[in-house]
Number of protein chains: 2
Amino acid sequence: MELDETDRQILRILQEDARTPFSEVARRIDMSSATVHDRVSRMEEAGVIKGYHADIDAREVGYGVSAFVGLRTDQGREDEALAHLAGLPEVKEVHLTTGEWDVMVRVYAEDTDALRELMFDHIAGTEGFARSQTMVVLGTDYEADGLPI
Amino acid sequence: MELDETDRQILRILQEDARTPFSEVARRIDMSSATVHDRVSRMEEAGVIKGYHADIDAREVGYGVSAFVGLRTDQGREDEALAHLAGLPEVKEVHLTTGEWDVMVRVYAEDTDALRELMFDHIAGTEGFARSQTMVVLGTDYEADGLPI
DNA sequence: GGTGAAATCCTTCCCTT
DNA sequence: AAGGGAAGGATTTCACC
């Protein structure tokens, strides 16, 4: 889909605060809210806007630890291994990558004990993975609200 | 902040779709919208809800490539190195980690040429970093809307 | 893109439990 | 301390220009 500067302005605003009323978006970009509504609907349908999500503080809901997990897959068993990962509740993202790891996973756990159990019982010890490395997140120094548009 | 099951239900709904009208949230959890409003406000103030963000398809806005970048910092120059990273528009997240890398960065670039320029001119070649590894994301197999609450 | 209007929603205050 | 009712003003969502 072709996006013009007006579309991009709308995206910037909704990326920063997805609950901004369309009427206020309209005010800021100097258009009617009907136009904003129309453009947003088109971007939703085209898949430019994939959704709107509340950003929850992980600690406040009981997740004291998060980590990046690098994995090396066994040849020929990639699909089931990936499906297995996606089924684990603590797994938030699964990416295929080049470089040292075939798969990069973002996981959240209640505490280090829970992380240990997750890794040993449900990831590293699982068939389909040859090798793993857990990189525990000590802190997040910076996190943008979205992409520069 | 103490969260009860009602709070968690609200969080689940807003994590999945942050633009859900409070009136509908109220309907779903069988309470009044005044109550939903009140609880959401308290969770926002307490920092449980950090924000609401539209989820934009990176490709649709011109980011054809993303990558994880692992970095090893020089001793004693961590702070300026991290501040430098946070100032780059292509950098979306900067995490301090244990394991092979001191810093794990998530970057987005227009194409491989732009990624190359970002890495050589603005990250790997920068003072404060001793070593780096770029893990290009070939695909994202799974991405949850939020945390399991 | 914009207008206009009806339906819906947000927000606040106040009352009840 | 927590939830609900009510009412205003604002917003969303259409059809139509």
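Since we're looking at a predicted model, the values are computed, not measured. (Residues numbered from 1 in each chain as written. Chains lettered and ligands numbered in written order. Predicted model: local features only at pLDDT ≥ 70, side-chain atom pairs only at ≥ 80, totals over all residues. Heavy atoms only, no water.)

1. Overview of the overall build of chain A
Inclusion rule: Every helix listed is a DSSP run of H or I at least four residues long, and every strand listed is a run of E at least two residues long, numbered separately from the N terminus. Radius of gyration here uses only the C-alpha atoms, and the compact-globule reference equals 2.2 Å multiplied by the residue count raised to the power 0.38. All accessible areas in this document rest on Shrake-Rupley with a 1.4 Å probe, and a residue is counted as covered only by the protein chains that are shown. All tallies of charge rest on Lys and Arg as positive and Asp and Glu as negative; His and the ends of each chain are not included. Note on charges: their place is set at NZ of Lys, CZ of Arg, CG of Asp or CD of Glu.
For chain A, the count of helices and strands is five helices and five strands. Reading chain A from its N terminus to its C terminus gives the helix and strand order α-α-α-β-β-α-β-β-α-β. Expected size for 149 residues packed as a compact globule is a radius of gyration near 15 Å; at 20 Å, chain A overshoots this value by more than 25%. Here the C-alpha coordinates of chain A stretch approximately 55 × 35 × 25 Å along the principal axes. For chain A, the exposed surface amounts to about 7,300 Å²; the carbon and sulfur share of it is 42%. Distance between charge centroids for chain A: 4 Å, based on 15 positive and 31 negative side chains.

2. A closer look at the protein's contact with DNA strand D
The criterion, for reference: One heavy atom within 4 Å of a molecule or strand makes the whole residue count as near it. Side-chain atoms alone can form a polar contact between residues adjacent in sequence; in general such a contact is a pair of N or O atoms within 3.5 Å, and within protein one must be able to donate a hydrogen while the other accepts it. We call Asp, Glu, Lys and Arg charged. Ala, Val, Leu, Ile, Met, Phe, Trp, Tyr, Cys and Pro are nonpolar, and the rest, Gly among them, are polar.
Taken together, 13 residues are adjacent to DNA strand D, and F22(A), S23(A), S32(B), T35(B) and R39(B) come closest. Sugar and phosphate atoms constitute 84% of the interface atoms of DNA strand D, taking the interface as everything within 4 Å of the protein. Here a phosphate oxygen of DNA strand D sits 3.4 Å away from a polar atom, N or O, in the side chain of R27(A). Looking at the surface near DNA strand D residue by residue, the class counts come to five nonpolar, five polar and three charged.

3. A word on the packing of aromatic side chains
As a reminder, the rule being used: Between 30 and 60 degrees the pair is tilted, below 30 it is stacked and above 60 it is edge-to-face, where a pair is any two Phe, Tyr or Trp rings, Trp via its six-membered ring, whose centres lie within 6.5 Å. Remark: exposure states derive from per-residue accessible area (1.4 Å probe, protein chains only) relative to the maximum for the residue type, with buried under 20%, exposed over 50%, and partly exposed in between. Counting as a charge over the ring demands two things of the Lys NZ or Arg CZ atom: a distance within 6 Å of the ring centre and an angle within 35 degrees of the ring normal.
Taken as a whole and assessed by the stated rule, the structure comprises two aromatic pairs over all chains. Taken together, a centroid distance of 6.5 Å and an interplanar angle of 80 degrees make the contact between Y63(B) and Y108(B) edge-to-face. Residue Y63(B) is found in the loop between β1 (49-56) and β2 (65-73), and its partner Y108(B) is found in strand β4 (residues 103-109); the two are separated by 45 residues along the sequence. Judged by its relative accessible area of 14%, Y63(B) falls in the buried class. The ring of Y52(A) has R19(B) lying over it, and the distance from NZ or CZ to the ring centre is 5.8 Å. In this structure, R116(B) is placed above the aromatic ring of F120(B), and the distance from its NZ or CZ to the ring centre is 5.9 Å.

4. Let's talk about unusual backbone geometry
Residues and elements named next belong to chain A. We note that D30 has phi near 60 degrees; this positive angle belongs to a residue other than glycine. Here D30 is to be found in the loop between α2 (22-29) and α3 (33-45). On the basis of relative accessibility, which here comes to 70%, the residue D30 falls in the exposed class.

5. Things to note about the domain arrangement of chain A
Put simply, the rule reads: The domain boundaries here were taken from an automatic or database domain assignment.
Assigned domains within chain A: domain 1 (5-45) and domain 2 (59-136). One C-alpha centre belongs to domain 1 of chain A, the other to domain 2 of chain A, and the line joining them spans 37 Å.

6. Describing the packing of helix α1 (residues 5-16) of chain B against helix α2 (residues 22-29) of chain B
All names here are of chain B. Stated formally: Lines fitted to the C-alpha atoms define the axes, with helices restricted to the stretch that makes contact. Angles between their N-to-C directions range from 0 to 180 degrees. Small angles under 35 degrees read as roughly parallel and large ones over 145 as roughly antiparallel, with 65 to 115 read as roughly perpendicular and the rest as oblique. For a crossing to be left-handed, the near helix must be turned anticlockwise from the far one by less than a right angle; the clockwise case is right-handed. By definition, residues are in contact when any of their heavy atoms lie within 4.5 Å.
Two numbers describe how α1 lies on α2: the axes approach to 11 Å, and their chain directions differ by 130 degrees. When the axis of α1 is compared with that of α2, the two are oblique. As for how α1 packs across α2, the hand of that crossing is right-handed. Contacts from T6, Q9, I10, I13 and L14 in α1 reach V25, R28 and I29 in α2. Partitioned by chemical class, the residues of the contact of α1 with α2 number five nonpolar, two polar and one charged.

7. Quick notes on empty space enclosed by the protein
Heads up, the rule is: Here a cavity is any set of points on a 1 Å grid over the protein atoms alone where a 1.4 Å probe fits but cannot get out, and a pocket is any open set with protein on both sides within 12 Å along at least 5 of 7 lines; a residue lines the site when it has an atom within 4 Å of a point. Grid points are joined across faces, edges and corners, and a volume is the space filled by probe spheres set on the points.
Inspection of every chain in the model, using the stated rule, returns one cavity of 30 Å³ or more. What lines the largest cavity is F68(A), E93(A), R106(A), F68(B), E93(B) and R106(B). Class assignment for the residues of the lining of the largest cavity results in two nonpolar, no polar and four charged.

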